[in-house]
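# Results of the structural survey
Here are the chains, one letter per residue:
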Amino acid sequence: MDNKRSETATTNSHSLLAQKAIQNQLINESQPLAGFINIDGVKQTVQTLKQAFPEHFEHYFAVKANSMSTVLALLKTLGIRAETASPGELQQALNAGFTGKDIVFDEPAKTPSIIKKILNLGACLHIDNFDEMERVRVLLPPNHQGEIGYRINPQVGSGDIKAMSTAGQHSKFGVALKDSGNRTRIIQDYLATPWLNTIHCHIGSQGCSFALIAEGLKCIVELAQEINQKAGEQRITSLDIGGGLAVNFKNDEITPSFQDYADFLQEHIPALFTGEFRVKTEFGRAIMAKNGVIISRIEYTKNSGGRDIVITHAGAQIAARTVFMPDAWSLRLSAFDHQGQVKNTPLVEQDIVGPCCFAGDVIAHQRTLPKLTNNDYVMIHDTGAYYFANPFFYNSLPVIAVYGYQINGQQPTFNLYRQQQTLEQMAALIG
Ligand SMILES: *Cc1c(COP(=O)(O)O)cnc(C)c1O
């Protein structure tokens, strides 16, 4: 392990959180793990996002990253809107108080009834393909208000994580811009259809370089400018540039920052910054990942074939990506004793494993951490997006409790955001 220090180091606020959560018994025998959301952290992150971009940028949160209604309501109070991609996410956004004009809808497999619902809400609809365009044409109510446009795949290539890349040649999302005839057909559709007034594009998530994202967005800007020029008027008034700002999972530094991204875009695609178009963003991970952690009790430790094994309650049910793609989604851990004090036993390599009944249910392989024993605790960092908010029902493990917290002085205060699922609720859900 080359970075022993950062493996064990944790910020004061994370130590305080662990100490109080453990001393207040928020993690106990019947609730052996829980998620925690840093409310002030979310506020700060949103502030940095807004400061990085000019006024004509509108920021939509990618609801799939954390669809909890408390999180959505918090983001709404901070002036953030909602990017949704399924009927369930739409419902969560509506429950949190978002109205049609604050919502964009991006599901690739929209049924006619969800299309009607989106159009009636006046939410922004992104059309995935030419078949869908024909449906929308038929379903469009007279005098419809609200933005509609194609999702375009500029086919500029993939980032480091193939499963997270949406702008490869064969991506399942959007209309493939470089395929024969498509560009011409898209332009014709926009010119012939006055209610098409926006273009959407999302190059990918985590692992896409600034250069790759900018190359893709440039194609979209050029397409919009060509359409407007041919139309002889500003047909396309807004562009949605998607999300995809990567998160640093190695330490507490926020790098790249929203400002780094904005500066890069401004340098390479100045048209986004002139006000020629309203610009929408759809960040998910970069808003929430670093504002959440999971803390699990350690139930047992043992040694198998010379390897130290640490059995926790945190496995694939809250960290599916990390368990199934450990190299792409390695998470930082820190260790605490039974009183919530930072653990400072000798550093040793240990497998940190979850409760699920399959051999791959390991959240960290041969990780160098202070030697752990039962009744210690492990904190799993940077899990505010796509982890406890996206549970997986393997082994009928319950959805875990989540608390919002704020630290005033030295005193964290906790708000229950979501109760741990009861066994009865679990049974009802599984059917
Ligand atoms: C997932 C997704 C996002 C958010 O991606 P992040 O990497 O979390 O910022 C934004 N837009 C669309 C269309 C997406 O599918």
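Summarised in this report is the structure supplied together with it. (Residues numbered from 1 in each chain as written. Predicted model: local features only at pLDDT ≥ 70, side-chain atom pairs only at ≥ 80, totals over all residues. Heavy atoms only, no water.)

This next bit is on the overall build of the chain. Scanning the chain from terminus to terminus reveals 13 helices and 18 strands. Computed over C-alpha atoms, the radius of gyration of the chain comes to 23 Å, within 12% of the 22 Å expected from 2.2 N^0.38 for 431 residues, which places it in the range of a compact globule. Reported as C-alpha extents along the three principal axes, the dimensions of the chain are approximately 70 × 45 × 45 Å. Buried positions account for 55% of the 431 residues belonging to the chain. Contacts in the chain between residues far apart in sequence, at least 24 positions, make up 69% of those at least 6 positions apart. In the chain, which carries 37 positive and 41 negative side-chain charges, the distance between the mean positions of the two groups comes to 2 Å. (Helix = DSSP H or I, 4+ residues; strand = E, 2+ residues; numbered from the N terminus. Rg over C-alpha atoms; globule rule 2.2 N^0.38 Å. Buried < 20%, exposed > 50% of the residue type's maximum accessible area, 1.4 Å probe, protein only. Contact = heavy atoms within 4.5 Å. Lys, Arg positive; Asp, Glu negative; His and termini not counted. Charge placed at Lys NZ, Arg CZ, Asp CG, Glu CD.)

By size, the foremost hydrophobic cluster in this structure holds 115 residues, and its most contacted members are Phe53, Tyr150 and Ile199. Among the elements that take part in this core, helix α9 (residues 210–231) stands out by supplying 11 residues, more than any other. Setting aside residues up to four positions removed in sequence, Tyr150 forms contacts with Ile127, Asn129, Phe130, Met133, Val175, Ile186, Asp189, Tyr190, Leu196, Thr198, Ile199 and His200. Counting residues in each nonpolar core, the second largest holds 16 residues, with Ala18, Val293, Met379 and Ala401 among its members. (Core = buried A, V, L, I, M, F, W, Y, C linked by side-chain atoms within 4.5 Å.)

For the rest of this paragraph, the subject is the packing of helix α5 (residues 87–95) against helix α6 (residues 112–121). Two numbers describe how α5 lies on α6: the axes approach to 11 Å, and their chain directions differ by 25°. Taken together, α5 and α6 sit at an angle that is classed as roughly parallel. For the pair α5 and α6, the sense of crossing is left-handed. Residues Pro87, Leu90, Gln91 and Leu94 of α5 pack against Ile114, Lys117, Ile118 and Leu121 of α6. By residue class, the composition of the contact of α5 with α6 is 6 nonpolar, 1 polar and 1 charged. (Axes fitted to C-alpha atoms, helices over the stretch in contact; angles between N-to-C directions. Parallel < 35°, antiparallel > 145°, perpendicular 65-115°, else oblique. Left-handed = near helix turned anticlockwise from the far one by under 90°. Nonpolar A, V, L, I, M, F, W, Y, C, P; charged D, E, K, R; others polar.)

So, on to helix α10 (residues 258–268). Looking at α10, one finds that the buried residues are Phe258, Tyr261, Ala262 and Leu265. An end-on view of α10 places all buried positions within 95° of arc, on one side of the element. Turning to α10, the residues buried within the fold contact α3 (39–52), α9 and α11 (285–288). (Arc of directions from axis to C-beta.)

Another point: the site of the ligand. For the ligand, the set of nearby residues contains 15 residues, the closest of which are Lys64, Ser205, Glu282, Arg285 and Tyr386. Residue Gly244 places a main-chain N or O atom 2.8 Å away from an oxygen atom belonging to the ligand. Gly284 is positioned with one of its backbone polar atoms (N or O) 2.9 Å from an oxygen atom of the ligand. In isolation the ligand offers 390 Å² of accessible surface; the protein chains occlude 94% of this area. Each residue belonging to the shell around the ligand can be placed in one class, and the counts come to 3 nonpolar, 6 polar and 6 charged. (Near = heavy atom within 4 Å. Polar contact = N/O pair within 3.5 Å; in protein donor to acceptor, adjacent residues only side chain to side chain. Areas by Shrake-Rupley, 256 points an atom, 1.4 Å probe, with all protein chains shown as cover.)

What follows deals with the pattern of salt bridges. Throughout the structure, instances matching the rule amount to 18 salt bridges. Measuring nitrogen to oxygen at the nearest pair gives 2.6 Å for the salt bridge that ties Glu147 to Lys280. Here Lys280 lies in strand β10 (residues 278–281) and Glu147 lies in the loop between α7 (130–139) and β6 (148–153), a separation of 133 residues in the sequence. A single burial state applies to Glu147 and to Lys280, both of which are buried. Here Asp252 ties to Arg332 by a salt bridge, and the two come within 3.1 Å at their closest N and O atoms. With Asp252 in the loop between β9 (238–240) and α10 and Arg332 in the loop between α12 (320–324) and β13 (333–336), the pair connects residues that are 80 residues apart, well separated along the chain. Note on Asp252: relative accessible area 30%, which makes it partly exposed. Sharing partners across several salt bridges, the network here consists of Glu58, Arg81, Glu147, Arg278 and Lys280. (Salt bridge = Lys/Arg side-chain N within 4 Å of Asp/Glu carboxyl O.)

Counted by the stated rule, this structure contains 17 aromatic pairs. Among the aromatic side chains, those forming a connected cluster through ring pairs are Phe53, Phe57, Phe210, Phe258, Tyr261, Phe264, Phe273 and Phe283. Across the ring face of Phe130, the terminal group of Arg185 is positioned such that the distance to the ring centre comes to 3.8 Å. (Phe/Tyr/Trp six-rings, centres within 6.5 Å; stacked < 30°, edge-to-face > 60°. Lys NZ or Arg CZ within 6 Å of the ring centre and 35° of its normal.)

Two numbers describe a pair of packed helices, the interaxial angle and the distance between the axes. Where α6 contacts α7, the two axes come as close as 10 Å, and the packing angle between them is 55°. By the angle between their axes, α6 is oblique relative to α7. The way α6 lies across α7 gives a crossing that is right-handed. Between α6 and α7, the contacting residues are Pro112, Ile115, Lys116 and Leu119 on the first element and Glu132, Arg135, Val136 and Leu139 on the second. For the contact of α6 with α7, the class distribution of residues is 5 nonpolar, no polar and 3 charged.

A few words on unusual backbone geometry. A cis amide bond links Thr255 with the next residue in sequence, Pro256, at an omega value of 0°. Within the element layout of this structure, Pro256 appears in the loop between β9 and α10. Unusually for a residue other than glycine, Asn375 sits at a positive phi of about 70°. Checked against the element boundaries, Asn375 lands in the loop between β15 (362–370) and β16 (377–380). The partly exposed category is assigned to Asn375, whose relative accessible area is 40%. We note that Asn395 has phi near 60°; this positive angle belongs to a residue other than glycine. Mapped onto the elements of the fold, Asn395 is located in the loop between β16 and β17 (401–408). We classify Asn395 as partly exposed; its relative accessible area is 39%.

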